Amino acid sequence: MAIQVGERLPQITFRVMTPDGPVAKTTDDLFKGRKVVLVAVPGAFTPTCHRNHLPGYVQRAEEIKSKGVDSILVTAVNDVFVMDAWAKAAGADGIEFLSDGNGDFAKAIRLTMDGSGFGLGLRSQRYSMVVEDGVVKAINVEDAPSKAQISGAENILKDL
């Protein structure tokens, strides 16, 4: 069963891009003592992710943060270089992109999907969640990777 409201996020190491290159950040580094909106997508630059899902968070980032959110984080099972290129291409200033390159986080929270039929291999399901001090307060998982409705920015604002 996938992670549920009230459960603590597992300790995983992500990779993030900094001006000095890739850096490892743990779950604690990103979530401890903070209120965070976490958004997961099956793949950077994929059509639904790039055109339908991420733009809402880019456009509504300030509105989301005005609800007491310290950070908006976007994760995918892509390498840190792809995630960095995607952040730049999307003009996603103020949103941090986390590489879950091996899918360790997606596996640990039991929200993986098999995209091998499309040449994508193991990926993360599409979801959004509100996390406070490492504990899931709300979670919205899409029932199909081609949908970006219940995990969208408009819906996460209702959870805040």
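In what follows, the accompanying structure is described.

Considering the environment of A144
Move 1: Along the chain, A144 falls in the loop between β9 (135-141) and α6 (153-159).
Move 2: Overall, A144 belongs to the partly exposed group, its relative accessible area being 21%.

Details of helix α2 (residues 47-59)
Move 1: Look at α2: 18 Å from first C-alpha to last across 13 residues, which is about the 18 Å you get at 1.5 Å a residue.
Move 2: In α2, a bend of some 35° at H53 exceeds every other bend along the element, and P55, a proline, comes one to four places later.
Move 3: Buried within α2 we find T48, C49, H53, L54, G56 and Y57.

Concerning the pairing of strand β2 (residues 21-26)
Move 1: Bridge count between strand β1 (residues 13-18) and β2: six bridges; the pairing is antiparallel. Counted as the bridge partner of R15 is A24 from β2.
Move 2: With antiparallel pairing between neighbouring strands as the criterion, β1 and β2 make up a hairpin whose turn holds two residues.

So, the pattern of salt bridges
Move 1: As enumerated under the stated definition, the model contains six salt bridges in all.
Move 2: Notably, a salt bridge pairs D143 with K147, separated by 3.1 Å at the nearest N-O pair.
Move 3: Counted as one network, the salt bridges with shared partners bring together R60, E63 and E154.

Points about the environment of I109
Move 1: Checked against the element boundaries, I109 lands in the loop between α5 (104-108) and β6 (112-114).
Move 2: With 50 residues separating them in the primary sequence, I109 and D159 have C-alpha atoms 20 Å apart.
Move 3: If we ignore the near neighbours within four places in the chain, the residues touching I109 are A2, I3, P10, Y127 and M129.

Section: the nonpolar core
Move 1: One finds V37, Y57, I64, I72, W86 and F97 to be the most contacted residues of the largest nonpolar core, which totals 24 residues.
Move 2: Elements represented by at least two residues in this core include exactly β3 (35-40), α2, α3 (61-65), β4 (71-76), α4 (80-89), β5 (95-99) and α6.
Move 3: If sequence neighbours within four positions are ignored, F97 has contacts with R15, V16, L54, V74, M83, W86, A87 and A92.
Move 4: Counting residues in hydrophobic clusters, the runner-up holds 19 residues, among them I12, F14, L30 and L38.

A closer look at unusual backbone geometry
Move 1: The phi dihedral of R110 is positive, around 60°, even though this residue is not glycine.
Move 2: Tracing the sequence through the fold places R110 in the loop between α5 and β6.
Move 3: Unlike most non-glycine residues, D133 shows phi in positive territory, near 50°.
Move 4: Residue D133 is classed as partly exposed on the basis of its relative accessible area, which comes to 36%.

Concerning the pairing of strand β8 (residues 127-132)
Move 1: Burial within β8 is extensive, with five of its six residues counted as buried.
Move 2: Strand direction decides the pairing type here: β3 and β8, joined by six bridges, are antiparallel. By the bridge assignment, K35 is partnered in β8 with E132.
Move 3: Between β8 and β9, which pair antiparallel one after the other, the connecting turn spans two residues, and D133 there sits at a positive phi close to 50°.

Reading the values: rules and limits
- Every chain is numbered on its own, with residues counted from 1 as its sequence reads.
- Only residues with pLDDT of 70 or above have their local features reported here, since the model is predicted, and side-chain atom pairs are shown and tallied only from 80 upward, although totals for entire chains, interfaces and linings are computed over all residues.
- Hydrogens are left out, water is left out, and the side-chain values use all remaining heavy atoms of the structure.
- Numbered from the N terminus, helices here are DSSP runs of H or I no shorter than four residues, and strands are runs of E no shorter than two.
- Residue burial is assigned from relative accessible area. The probe radius is 1.4 Å, only protein chains are included, and a residue is buried under 20% of its type maximum, exposed over 50%, and partly exposed in between.
- Helix span, expected: 1.5 Å multiplied by one less than the number of residues in the helix.
- The angle between axes fitted to the seven-residue stretch ending at a residue and the seven-residue stretch beginning at it gives the bend at that residue.
- In this analysis, strands are considered paired if DSSP registers two or more bridges between them.
- We define a salt bridge as a contact between a side-chain nitrogen of Lys or Arg and a carboxyl oxygen of Asp or Glu at a distance within 4 Å.
- Contacts between residues were defined by any pair of non-hydrogen atoms, one from each residue, lying within 4.5 Å.
- Nine residue types can take part in a nonpolar core, namely buried Ala, Val, Leu, Ile, Met, Phe, Trp, Tyr and Cys, and a core is a set of them joined through side-chain atoms within 4.5 Å.

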